[in-house]
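Observations on the three-dimensional arrangement
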Amino acid sequence: MDAPALHLAKADPHLGAAIKRLGPLKRARPEHTELYHALLSAIAHQQLHANAALAILGRLKTIGGGEFPAPEALLAMPDDPLRACGFSASKMAAIRDVAAKAGDGTIPSRARARRLSDDILIDRLTSIRGVGRWTVEMLLIFTLGRQDVFPVDDFGVREGYRLLHGLEAQPKPKAFGQIGEAYAPYRTLASRYLWRVADEMKTPSARLSKA
């Protein structure tokens, strides 16, 4: 085990056993490198199947000449092309707010985001219409690669913890946040392992092995 995994194993022996069993986790390359693009994608995916969201985003890129429209171009775009992409009225308002916030600097570039803390980014990005804390935490983890994010409202992370510890119910978010303090400064890695534990139980072979 490397130092982060050893720290987690010492903080939580149940998690340590899962880490030993699962081995090192591969980091997927982020789909988007800039927060502006990642936020447009996140809004498109809300309450939609992934394939439907990807189709909408593909049409948006088509009218943008093969890439997402720049913020100023998106703000100037009338409703009809966006509606034709598949955006609802509420999502049109949300992506326009993303464009406005990118234009005024609320949404930083990736380079500038490196100099901002997680808390500052959460505070800034949750000011965007249709963007909540969980969405920003996912961007911190998967777009920016932050190392100490613990999404206490995430069902999968809490479910993984419940399964590891043999609990009847998931911990409540506030209590879970306190539990997660022991994992700092590697709470992102802890979250990724807890997701894996929860995912394992979705497979028939895993369920049978627990029967």
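In this convention, every chain numbers its residues from 1, walking through the sequence in written order. Totals for whole chains, interfaces and linings use every residue, but because this is a predicted model, local features are given only for residues with pLDDT of at least 70 and side-chain atom pairs only at 80 or more, for both listing and counting. As a rule here, side-chain values come from all non-hydrogen atoms in the structure, and water together with hydrogens is ignored.

1. Overview of the nonpolar core
Throughout, nonpolar core names a set of buried Ala, Val, Leu, Ile, Met, Phe, Trp, Tyr and Cys residues whose side chains join them through atoms within 4.5 Å. Three labels apply to residues, based on accessible area from a 1.4 Å probe with only protein chains included: buried if under 20% of the type maximum, exposed if over 50%, partly exposed otherwise in between. With 57 residues, the main nonpolar core has Leu15, Leu74 and Phe87 as its most contacted residues. The dominant element in this core, judged by the number of residues it contributes, is helix H3 (residues 35-45), at seven residues. Setting aside chain neighbours within four positions, we find Leu74 in contact with Tyr36, Leu40, Leu60, Pro69, Leu82, Ile95, Arg96 and Ala99. Note on conventions: DSSP H or I runs of at least 4 residues are helices, E runs of at least 2 residues are strands, and numbering of each starts at the N terminus. In what follows, a contact means two residues having at least one pair of non-hydrogen atoms within 4.5 Å.

2. Concerning the packing of helix H2 (residues 13-22) against helix H13 (residues 187-200)
Geometrically, a packed helix pair is captured by the angle between its two axes and the distance between the axes. Each axis is a line fitted through C-alpha atoms, taken for helices only over the stretch in contact, and angles between the N-to-C directions span 0 to 180 degrees. Where H2 meets H13, the closest approach of the two axes is 10 Å, and the angle between their N-to-C directions is 75 degrees. Comparing their axes, H13 and H2 come out roughly perpendicular. For the pair H2 and H13, the contacting residues are Leu15, Ala18, Ile19, Arg21 and Leu22 in the first and Ala190, Tyr193, Leu194, Arg196, Val197 and Glu200 in the second. Here roughly perpendicular refers to angles of 65 to 115 degrees, roughly parallel to angles under 35, roughly antiparallel to angles over 145, and oblique to all remaining angles.

3. Some points on the side chain of Glu137
Relative to the elements of secondary structure, Glu137 occurs in helix H10 (residues 133-142). The exposure class of Glu137 is buried, given its relative accessible area of 3%. In contact with Glu137, not counting residues within four places along its chain, are Val149, Phe150 and Pro151.

4. Topic: the packing of aromatic side chains
Two rings from Phe, Tyr or Trp (for Trp, the six-membered ring) form a pair when their centres are within 6.5 Å of each other. A pair whose planes differ by under 30 degrees is stacked, one over 60 is edge-to-face, and the rest are tilted. With the rule as written, the count across this model stands at four aromatic pairs. With 5.8 Å between their ring centres and 70 degrees between their planes, Phe150 and Tyr183 make a pair best called edge-to-face. Of the two residues, Phe150 sits in the loop between H10 and helix H11 (155-165) while Tyr183 sits in the loop between helix H12 (173-180) and H13, which places them 33 residues apart along the sequence. Side by side, Phe150 and Tyr183 carry an identical accessibility label, which is buried. Relative to Phe176, the ring of Tyr161 has its centre 5.5 Å away and its plane inclined at 65 degrees; by these criteria the two rings are edge-to-face. Separated by 15 residues along the polypeptide, Tyr161 in helix H11 and Phe176 in helix H12 bring together distant segments of the chain.

5. Description of the side chain of Gln170
Relative to the helices and strands, Gln170 is located in the loop between H11 and H12. Think of a polar contact as two N or O atoms within 3.5 Å of one another; within protein, one of them needs to be a possible hydrogen donor and the other a possible acceptor, and neighboring residues in sequence only count if both atoms come from side chains. A distance of 2.9 Å separates a polar atom in the side chain of Gln170 from a polar atom in the side chain of Glu159. Excluding anything up to four places from it in sequence, Gln170 contacts Phe155, Arg158, Glu159 and Arg162.

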